Amino acid sequence: MSIRKHPPRPWPLLVLALTLGSGVAVGCGSSEPYFRANLTEMRLRESRDEPISPELQSEISNVLLSLFGDPDAPDIFAGQGVAAEAKAPLEAFGFDLAKLQLAAGPAFSDQTGKQHGLYRLHCAHCHGVSGDGNGPTAPFLNPYPRDYRQGKYKFKSTFGDAKPTDDDLKRILKDGIPGTAMPSFVLLPDNEIDALVEYVKYLSVRGETEIRLIEYVADEGEMPEGGIAEIAGGVPLQLDDDGLPEAEPEYENVVASILYKWAAAPTRIVQPVVPTVPLNSQSSGKDAEALAASIERGRKLFFSAETKCASCHGDAALGDGETTNFDDWTKAVFQPDANMQIEAAHAAEMLALGALPVRNIRPRNLRQGIYRGGRRPIDIYRRIFSGINGSPMPAQGSEAGIAGDNVSDDEAGGSVRRQKIWDLVNYVLSLPYEPLSQPPRPVEGYDITLR
Amino acid sequence: MTFLSRPVRYPPPFILTAIVIAVSILALPAGSSAEWATLSGRFVYDGAPPVANKITVTKDLEVCGKFDLKAEAIRVGADGGLASVVVWVRNKTVNAHPDFAKTAQDQIVFDNKECRFTPHVEAIRTGQTLRLKNSDSVAHNSQALTSANPQFNVNLPPGGHHDVIFTKSERLPVPISCAIHPWMKGYLIIKDNPYMAVSGEDGKFSMENLPAGTELEFQVWHETSGYVDDVKSGGQKLSWKRGRFEKTLSPGDHDLGDILVSSALFQ
């Protein structure tokens, strides 16, 4: 590892040092990057009369260090210990160490041209070294970058609160998220995309573990009796022939039960029913009538009392129906009251602990033709069927209905029959082409000078 | 490896793979003690009761605008009774009264009615069915931010319902809300032991069929104060750390009387 001794000082490190706000010694070697403790979570959960003590805080960070290493070396304990068969904990968790190593650490390329430190090169400036969505550029972006630590993701093929599949994360990396600052990384070689997906999952599992430990410690006033063995417990997961976990670990086995949810994600992919209507993106002349009828049915549903789409997306689908709400990440930290007001003193406290300034969530303006989770009909179907995890958008479908035509509509439940979701999809996809959605044309006869 | 200079209290966990902790949380088989106790009391808001904010109805005025909706974060009755205080038994294993077996698979209805959740706080055991119901003529949706159980956010058309069965205990009550009508907030207390109680409009709560002779640890919580840890009873100030107190009950009824909850908790 001689190459690690002289890592170039990449700019993200400098920026990191700046954002740490110490103002000390900037310029003469920034401090080593480290995983920031989740201070807002601690403050929100601890009791007034007995806050989480500094000793307990350091116990939490020690457990996390033992299990997940640090930003330079996730494999910090690999090959150590008395047992010859010693495994790095991350390996026991099922992570691919080689991928993590490629993504972790400082960004540089070696003599063969191989790129190292992919996460800090491509991601950390927005998503933060800790994956808290609070990198140096985060305050300037709208929407804010994703905070991975809650393990909650919006744009995925799986139902409700299920984790995304690896393919979902790859898709986001390759396509980017239209309408946000998230760019496409389609030019990166596949192995680098894979490494980043693995690293995002690693940060996410680490962050969720931290939150669970804080939850425990805040209420119990001590670390779990079974210590680190209980916290990790139940790993490696027992997998069946399809690579799916056989049994769900106990909630007390924090890491294992989080890993279980990631491993089980493929079992919760939403398979749509096969559409009996032509879809908007593939209509041809002879289907035009059927498509128009489907769009019209979708329009009625959009404004119906069953779906209530217009309630938030607005009577003109401009995304202006409900502008006072917040996403789950913001709600958890700022705790708005019943009139969606946030107490100033509480907000100030959260900001002082590092939270980003509060913002409302905006329902999508459906007239722009910009779809964050993808523009294919199946993407829109999944958004409507599953809701958008972490946002106020509810599911019109239910878990029982994810198996497409393999379950009957009666078994599938949900607030609308699943074929009707395709009508909604067609309507949504038609909105950008309505005259109302087109920019006004200059009126003829006027002399318009462009400035 | 400079990293090792950092404090590491735990050994590198190479032993992890071998260890699986099996935790049995379920009730022990009923046996020895067949004597039971009831714990009751009344929570009182100690201070000038706050005036509940009127809800600004921003949605479905023709339906929700008809009701006199008030913020429910602190509900104090005419005689000072504090509603929605949640009490539960913390013991990991409790010798539950056999009668609870009869209700183990009951359906618990959590209604969206008159543009609010009814009841405001619902207690439910794992294994029971939570029926999310919509009695209004407008759609609602119910989003529950659980920790141990899967989170959900489901749309409920007028007259519609959706059933959920929880499999795990939640440490604290979990918030439930409706995105269409953002003022709608409620809580679910989900435990695998049956000993949960929520104080009513008059501040009174009652927990029946508790095992007598066992040291029980109770925990008391309110959505606005969090842990109810600053209380007075019989003129005496009690410090319920993290809202906890312990009691070993003799068979029969035990009335804690008025428990004055400091208004400072709600500032």
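Values in this document were obtained by computation on a predicted structure and should not be read as measured data. (Residues numbered from 1 in each chain as written. Chains lettered and ligands numbered in written order. Predicted model: local features only at pLDDT ≥ 70, side-chain atom pairs only at ≥ 80, totals over all residues. Heavy atoms only, no water.)

Comments concerning the overall build of chain B
Going by this rule: A run of H or I in DSSP becomes a helix once it reaches four residues, and a run of E becomes a strand once it reaches two; helices and strands are each numbered from the N terminus. With a 1.4 Å probe rolled over the protein chains alone, any residue whose accessible area is under 20% of its type maximum counts as buried; one over 50% counts as exposed, and the rest are partly exposed. It only takes one pair of heavy atoms within 4.5 Å for two residues to be counted as in contact. Accessible areas in this description were obtained via Shrake-Rupley with a 1.4 Å probe; residue shielding takes into account the shown protein chains only.
Looking only at helices and strands, chain B has one helix and 19 strands in total. The buried share of chain B, reckoned over its 267 residues, is 52%. Look at the contacts in chain B between residues 6 or more apart in sequence, and 70% of them connect residues 24 or more apart. As displayed, chain B has an accessible area near 11700 Å², and 52% of this comes from carbon and sulfur atoms.

Observations regarding helix 16 (residues 377–386) of chain A
All names here are of chain A. For helix 16, the buried fraction is high: nine of the ten residues fall into the buried class. If you check which residues of helix 16 are buried, you get Pro 377, Asp 379, Ile 380, Tyr 381, Arg 382, Arg 383, Ile 384, Phe 385 and Ser 386. Against helix 8 (166–175) and helix 18 (418–430) lie the buried residues of helix 16. Positive phi shows up at Gly 387, right after helix 16, with a value of about 75°.

Re the state of the cysteines
For clarity, the threshold we go by: Two cysteine sulfurs form a disulfide in these notes if their separation is within 2.5 Å.
For the structure shown, the criterion picks out one disulfide over all chains. Covalently, Cys64(B) is tied to Cys115(B) through a disulfide, its sulfur atoms 2.0 Å apart. On the sign convention where negative means left-handed, the S-S torsion of about -70° between Cys64(B) and Cys115(B) marks this disulfide as left-handed. One end of the pair, Cys64(B), is in helix 1 (residues 61–64); the other, Cys115(B), is in the loop between strand 3 (107–113) and strand 4 (116–118), and 51 residues separate them in sequence. Cys115(B) carries the same exposure label as Cys64(B), and that label is buried. Of all cysteine sulfurs, the one in Cys126(A) lies closest to Cys123(A), which takes part in no disulfide; the gap is 8.9 Å. On the basis of relative accessible area, Cys123(A) is assigned to the buried category, the value being 8%. Cys312(A) supplies the cysteine sulfur nearest to Cys309(A), a cysteine that is in no disulfide, at a spacing of 9.2 Å. Here Cys309(A) falls in the buried class, since its relative accessible area comes to 14%.

Quick word on the packing of helix 12 (residues 288–302) of chain A against helix 18 of chain A
Residue and element names in this part refer to chain A. The cut-off we apply is this: Fitted lines through C-alpha atoms give the axes, limited to the stretch in contact for helices. The angle between two N-to-C directions lies from 0 to 180 degrees. Between 65 and 115 degrees an angle is taken as roughly perpendicular, under 35 as roughly parallel, over 145 as roughly antiparallel, and anywhere else as oblique. Residue classes follow a fixed rule: Ala, Val, Leu, Ile, Met, Phe, Trp, Tyr, Cys and Pro count as nonpolar, while Asp, Glu, Lys and Arg count as charged, and any other residue, Gly among them, counts as polar.
For the pair helix 12 and helix 18, the least separation of the axes is 7 Å and the interaxial angle reads 95°. Classified by the interaxial angle, the pair formed by helix 12 and helix 18 is roughly perpendicular. Within the contact between the two elements, helix 12 uses Leu 291, Ser 294, Ile 295, Arg 297, Gly 298, Arg 299, Leu 301 and Phe 302 and helix 18 uses Lys 420, Trp 422, Asp 423, Leu 424, Asn 426, Tyr 427 and Ser 430. Looking at the contact of helix 12 with helix 18 residue by residue, the classes come out as seven nonpolar, four polar and four charged.

Re the packing of aromatic side chains
What counts here: To pair, rings of Phe, Tyr and Trp, with the six-membered ring standing in for Trp, must have centres within 6.5 Å; the planes then decide the type, stacked if under 30 degrees apart, edge-to-face if over 60, and tilted in the middle. Definition used: whenever NZ (Lys) or CZ (Arg) falls within 6 Å of the ring centre and also within 35 degrees of the ring normal, the charge is taken to sit over that ring.
Evaluation of the coordinates by the stated rule reveals 21 aromatic pairs over all chains. Here Tyr199(A) and Tyr202(A) contribute two aromatic rings whose centre-to-centre distance is 5.0 Å and whose plane-to-plane angle is 40°, an arrangement assigned as tilted. Here Tyr202(A) and Tyr199(A) lie together in helix 9 (residues 190–220), a separation of three residues that amounts to about one turn. Between Phe43(B) and Phe205(B), the ring centres sit 5.3 Å apart and the planes meet at 25°, which makes this aromatic pair stacked. Taken together, the residues Phe43(B) in strand 1 (residues 36–46) and Phe205(B) in strand 13 (residues 204–211) connect sequence positions 162 residues apart. Here the aromatic cluster, defined as three or more aromatic residues joined through ring pairs, consists of Phe35(A), Phe68(A), Phe93(A), Phe95(A), Tyr119(A), Tyr199(A) and Tyr202(A). Above the plane of the ring of Tyr144(A) lies Arg359(A), whose end atom (NZ or CZ) is 3.7 Å from the centre.

Some thoughts on the domain arrangement of chain A
Residues and elements named next belong to chain A. So the rule is basically this: Annotation comment: domain bounds sourced from an automatic or database domain assignment. We define a salt bridge as a side-chain nitrogen of Lys or Arg found within 4 Å of a carboxyl oxygen belonging to Asp or Glu. Counted as a polar contact is a pair of N or O atoms within 3.5 Å, where, for protein atoms, one must be capable of donating a hydrogen and the other of accepting one, and residues adjacent in sequence contribute only when both atoms are in side chains.
For chain A, the domain assignment lists domain 1 (2–267) and domain 2 (280–323 + 362–437). Counting residues at the interface gives 17 residues for domain 1, matched by 20 residues for domain 2. At the junction of domain 1 and domain 2, the tally comes to one salt bridge. One salt bridge connects Asp 379 with Arg 171, and the closest N-O pair in it is separated by 2.9 Å. The interface formed by domain 1 and domain 2 holds three residue pairs in polar contact (both at pLDDT 80 or more) in total.

Brief notes about the sheet that holds strand 5 (residues 121–125) of chain B
Residues and elements named next belong to chain B. Short version of the rule: Strands were regarded as paired on the criterion that DSSP finds at least two bridges between them.
The strand order across the open sheet formed by five strands is 5-11-10-7-8, and the pairing between neighbours is mixed. If you trace the sheet from one side to the other, it starts and ends with strand 5 and strand 8 (152–156), each paired once. Each strand axis lies, on average, 25° off the axis of its neighbour in the sheet, ignoring direction. Sheet analysis places strand 5 next to strand 11 (residues 185–191), joined by five bridges and oriented parallel. By the bridge assignment, Arg 125 is partnered in strand 11 with Lys 191.

Let's talk about the interface of chain B and chain A
Just so we agree on the cut-off: Buried area is calculated as the accessible area (1.4 Å probe) missing from two parts once they are joined, with the contributions of both summed.
Contacts between chain B and chain A engage 60 residues on the former and 75 residues on the latter. For the pairing of chain B and chain A, the buried interface totals around 5800 Å² over both sides, and the portion due to carbon and sulfur atoms is 53%. Here chain B is connected to chain A by ten salt bridges. One salt bridge connects Lys59(B) with Glu322(A), and the closest N-O pair in it is separated by 3.1 Å. Run the count over chain B and chain A and you get 31 residue pairs in polar contact (both at pLDDT 80 or more). Among the secondary structure elements, those contributing two or more residues to the side of chain B that touches chain A are strand 7 (140–144) and strand 8 of chain B. When its residues are assigned to classes, the side of chain B that touches chain A shows 32 nonpolar, 14 polar and 14 charged.

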